[in-house]
Amino acid sequence: MKLKHTLLAAALLGANAFFFAAPASAADNCKAEITGNDLMQYSVKEMKFDASCATVEVTLKHVGKLAKEAMGHNWVLTSTADAMAVANDGLAAGLAANYIKAGDKRVIAHTKVLGGGESDTIKIPASALKKGGDYTYECTFPGHSALMKGKLTFG
Ligand code: CO
């Protein structure tokens, strides 16, 4: 019984340590950082911003080593309903256009396509977002959006 209690206490301490060490959410108030790697993965699957943010700032860092021609990553924000079509239409746009169709009004905000070691920070005015809107971010590099995507909420 004593051992059981000791284990329980250790488990609780462990849980608390994790709780305090982990950020409350992927977004720190009005800013968030996300990384992409050489395994075609984003580090963050969800970003939550408070609707009181006048501006939302997102930094994408490519922490891999591969060139953008081989393993490029961007961060493209759209409504969830538009995400798949925006990625599909971006395929033909090419790297120089960051794999985004010219003049695509469905794109709310986006970073450049990055290669290993590069980063890009963008600012999104609150006026571009609706409170409670359903948003998706994704990498529009060909073939990446199926794995590289996440949810963004503003509310
Ligand atoms: Co990518």
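Residues numbered from 1 in each chain as written. Predicted model: local features only at pLDDT ≥ 70, side-chain atom pairs only at ≥ 80, totals over all residues. Heavy atoms only, no water.

Regarding the state of the cysteines
A disulfide bridge is the covalent bond that connects two cysteines by way of their sulfur atoms.
Part 1: Going through the model one piece at a time under the given rule, you end up with one disulfide.
Part 2: Note that Cys30 is cross-linked by a disulfide to Cys53, the S-S spacing being 2.1 Å. Between Cys30 and Cys53, the S-S torsion sits near -90 degrees, and that sign places the bridge as left-handed. Taken as a pair, Cys30 in the loop between β1 (27-28) and β2 (31-36) and Cys53 in the loop between β3 (46-49) and β4 (55-62) lie far apart in primary sequence, 23 residues in all.
Part 3: Under the relative-accessibility criterion, Cys53 is labelled buried at 3%. (Disulfide = S-S within 2.5 Å. Helix = DSSP H or I, 4+ residues; strand = E, 2+ residues; numbered from the N terminus. Buried < 20%, exposed > 50% of the residue type's maximum accessible area, 1.4 Å probe, protein only.)

Concerning the coordination of the cobalt ion
Part 1: Around the cobalt ion, the donor atoms from the protein are Gly72 (O), His73 (ND1), Cys139 (SG) and His144 (ND1), and they sit 2.1 to 2.5 Å away.
Part 2: If you look at the cobalt ion, its four donor atoms make angles of 79 to 131 degrees with each other, and the shape they trace is irregular.
Part 3: Within one chain, the residues serving as donors to the cobalt ion are arranged as G-H-x65-C-x4-H. Of this pair, Gly72 sits in the loop between α2 (68-71) and β5 (76-79) while His144 sits in the loop between β8 (135-138) and β9 (149-154), and the two are 72 residues apart along the sequence.
Part 4: Under the relative-accessibility criterion, Gly72 is labelled buried at 0%.
Part 5: Given the relative accessible area of 3%, His144 is considered buried. (Donors = N, O, S within 2.8 Å, 3.2 Å for Na, K, Ca; no water. Tetrahedral: all angles 85-135°; square planar, octahedral: opposite > 155°, others 65-115°.)

A look at the packing of aromatic side chains
Part 1: Within this structure, the stated rule accounts for three aromatic pairs.
Part 2: Here a set of aromatic residues connected by ring pairs shows up, and it is made of Tyr42, Trp75 and Tyr137. (Phe/Tyr/Trp six-rings, centres within 6.5 Å; stacked < 30°, edge-to-face > 60°.)

Focus on unusual backbone geometry
Part 1: Non-glycine residue Asn98 carries a positive phi angle of around 60 degrees.
Part 2: Within the fold, Asn98 resides in the loop between α3 (83-90) and β6 (109-110).

Some remarks on the side chain of His62
Part 1: Relative to the helices and strands, His62 resides in strand β4.
Part 2: His62 gets classed as buried once you look at its relative accessible area, which sits at 2%.
Part 3: Look past the residues within four positions of His62 in its chain and what remains in contact with it is Gly36, Asn37, Asp38, Met71, His73, Leu114, Gly115, Gly116, Gly117 and Glu118. (Contact = heavy atoms within 4.5 Å.)

Observations concerning the pairing of β9
Part 1: The alternating pattern of β9 places Gly150, Leu152 and Phe154 on a buried face, while none of Lys149, Lys151 and Thr153, on the opposite face, is buried.
Part 2: Two strands pair when backbone bridges link them, and β3 and β9 are joined in this way by four bridges, in the parallel orientation. Across the sheet, residue Glu46 finds its bridge partner in β9, namely Lys151.
Part 3: Relative to β9, β8 runs antiparallel, the two sharing four bridges. In the sheet register, Glu138 faces β9, and the bridge partner there is Lys149. (Pairing = 2+ DSSP bridges.)

Comments concerning the confidence of the model for the protein
Part 1: Put simply, the protein has an average pLDDT of 88, and 82% of its residues get 70 or more.
Part 2: A low-confidence stretch, residues 1-27 stays under pLDDT 50, and its non-local contacts, those more than four residues away or across chains, total eight contacts. (pLDDT = per-residue confidence, 0-100.)

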